[in-house]
Each structure stands twice: as C-alpha cells, then as structure tokens.
Amino acid sequence: MPTIDSCQLTTKDYTILEVIRERHPIYDETFSTILQRKISNAVVMFREDIPANVVTLSSRVAYRVNDGPADTRIVSHDQMRGLVGLLLPITNPRGLALLGLAEGQSISIPRADGSLETLTVQQVVYQPEAARRERLKLARVAAPGSYRLGGSGLRVVHRSDEPHDEGQNKVAAAFDAEFDDPGPSAA
C-alpha cells in the first residue's frame, strides 16, 4: 500500500477529508488506505501558516507520474462539469495522494493492475492561501498607516507618513462618536 511519510493540510482540507471518511465508506481499498494514512499523518495548519509550496484544495499543481511528462491540474473537491482535463478531484486516488504534499515530495500508490505508480509534485503553480496572503500584503503596502474598523470596513485613521494634525483627530473622533454602536446593553 502507499507510503505517506507526512503531509501538511489546512484545517479546512483536513475537515473535508474527515467528512469524506465518515460519509463515504464505500470507496475501494486503495482510496480508503490513502485517505486513512493522509488523515493519520497530517500536520494540520491554519491557512495563514501553510507554506506556499504545499498542495491545497484549489491549488494548480504540476506533477509527474513515474518518469512521464509533467501534467498540470487543479486539485478540486469534486468533479465539475465542463472542466474536463483541468481538474483532479480528491475523490480520485491521484488527487487525494497529491493533497498536502510539498514541491519535490513523492508518493507511491497502487494502480488497478496491482503495480505501483509514483506521483511527484514538481511545482505548486498557484495556491489560494498564498495568493490571499499576497493580496493582503499588497493592500497593506498600498495604504500604509494605522487602520481602524469602521461601519463600512477598514478606513485610515492616521497615516504614519503624514504630519500629525490634532484638528484631524478631533474630526475623526466626532465622526466615530456619531456612528458608534452602543452594543447590546443599549437594547
């Protein structure tokens, strides 16, 4: 059976695998073995902490089967119509095997004929968690300074690169007082 040394999963990906194990015990022996070992050997992380070179759900991954040419697929939760050849669902042994592996990591899984095939992650071309971190980083760079949560989202209260003006702070304080939520005690 396949050897899975370790894998790194987001809390969301780990939870989805547990749900698959609980709700769909009908999968074949190969799939069930990969699933059980994946769950048992997982290092579970928050999405903010997962390395960018690890395959997560919705990642676009370039991988190789044995010594064949690299193939690129999006690791998905399930089959989707109209995207034939683009997706590799985790309901497929290959998709499940790749989930949680890092670039350069390999896993061997049995084929239908009983022989083994080795999957190797060549590159994580796109990972949604890394893309999210990059967007947040760019948003912080685009609008440096202190932020305060207001009624309509984030707004700049004070920018560190502008001179400090007390008059501006009084206007901001008056604006905040006007839209201040009194909380549950006011009810």
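Everything that follows concerns the structure shown earlier in this document.
Just so it is clear, the model here is predicted, and its values are computed rather than measured.

**Observations concerning the overall build of the chain**
Line of reasoning, step 1. From N to C terminus, the chain includes five helices and nine strands.
Line of reasoning, step 2. In the chain, the succession of α and β elements from N to C terminus is β-α-α-β-β-β-β-α-β-β-α-β-β-α.
Line of reasoning, step 3. Among the 187 residues that make up the chain, the fraction classed as buried is 30%.
Line of reasoning, step 4. Summed over its atoms, the accessible surface of the chain is roughly 11,700 Å², and 53% of this surface lies on carbon and sulfur atoms.

**A short note on helix α2 (residues 29–40)**
Line of reasoning, step 1. Under the 1.5 Å per step criterion, the end-to-end length of α2 is 16 Å for twelve residues, consistent within 8% with the ideal 16 Å.
Line of reasoning, step 2. Those residues of α2 that sit buried are Thr30, Phe31, Thr33, Ile34, Leu35, Lys38 and Ile39.
Line of reasoning, step 3. Buried-residue contacts for α2 involve β1 (7–10), α1 (11–23), β2 (42–45), α3 (93–98) and β6 (106–110).

**Points about the side chain of Thr120**
Line of reasoning, step 1. Structurally, Thr120 is set in strand β7 (residues 116–126).
Line of reasoning, step 2. According to the relative accessible area criterion, Thr120 is buried, its value standing at 17%.
Line of reasoning, step 3. Separated by 2.7 Å, the side chains of Thr120 and Ser106 make a polar contact.
Line of reasoning, step 4. What Thr120 contacts, discounting residues up to four positions off in sequence, is Ala62, Tyr63, Arg64, Gly104, Gln105 and Ser106.

**Here we look at the sheet that holds β7**
Within a sheet, neighbouring strands are paired by backbone hydrogen bonds and run either parallel or antiparallel to one another.
Line of reasoning, step 1. Here five strands make up an open sheet; going across it, the order is β5-β4-β3-β7-β6 and the pairing mixed. The sheet is open, and its two borders are formed by β5 (87–89) and β6, each paired with just one other strand. Ignoring which end each strand starts from, the neighbouring axes of this sheet average 45° apart.
Line of reasoning, step 2. Pairing of strand β3 (residues 60–65) with β7 involves six bridges; the strand directions are antiparallel. Along β7, the bridge assignment pairs Val61 with Val124.

Quick notes on the rules
- Residues numbered from 1 in each chain as written.
- Predicted model: local features only at pLDDT ≥ 70, side-chain atom pairs only at ≥ 80, totals over all residues.
- Heavy atoms only, no water.
- Helix = DSSP H or I, 4+ residues; strand = E, 2+ residues; numbered from the N terminus.
- Buried < 20%, exposed > 50% of the residue type's maximum accessible area, 1.4 Å probe, protein only.
- Areas by Shrake-Rupley, 256 points an atom, 1.4 Å probe, with all protein chains shown as cover.
- Expected span 1.5 Å × (residues − 1).
- Contact = heavy atoms within 4.5 Å.
- Polar contact = N/O pair within 3.5 Å; in protein donor to acceptor, adjacent residues only side chain to side chain.
- Pairing = 2+ DSSP bridges.
- Axes fitted to C-alpha atoms, helices over the stretch in contact; angles between N-to-C directions.

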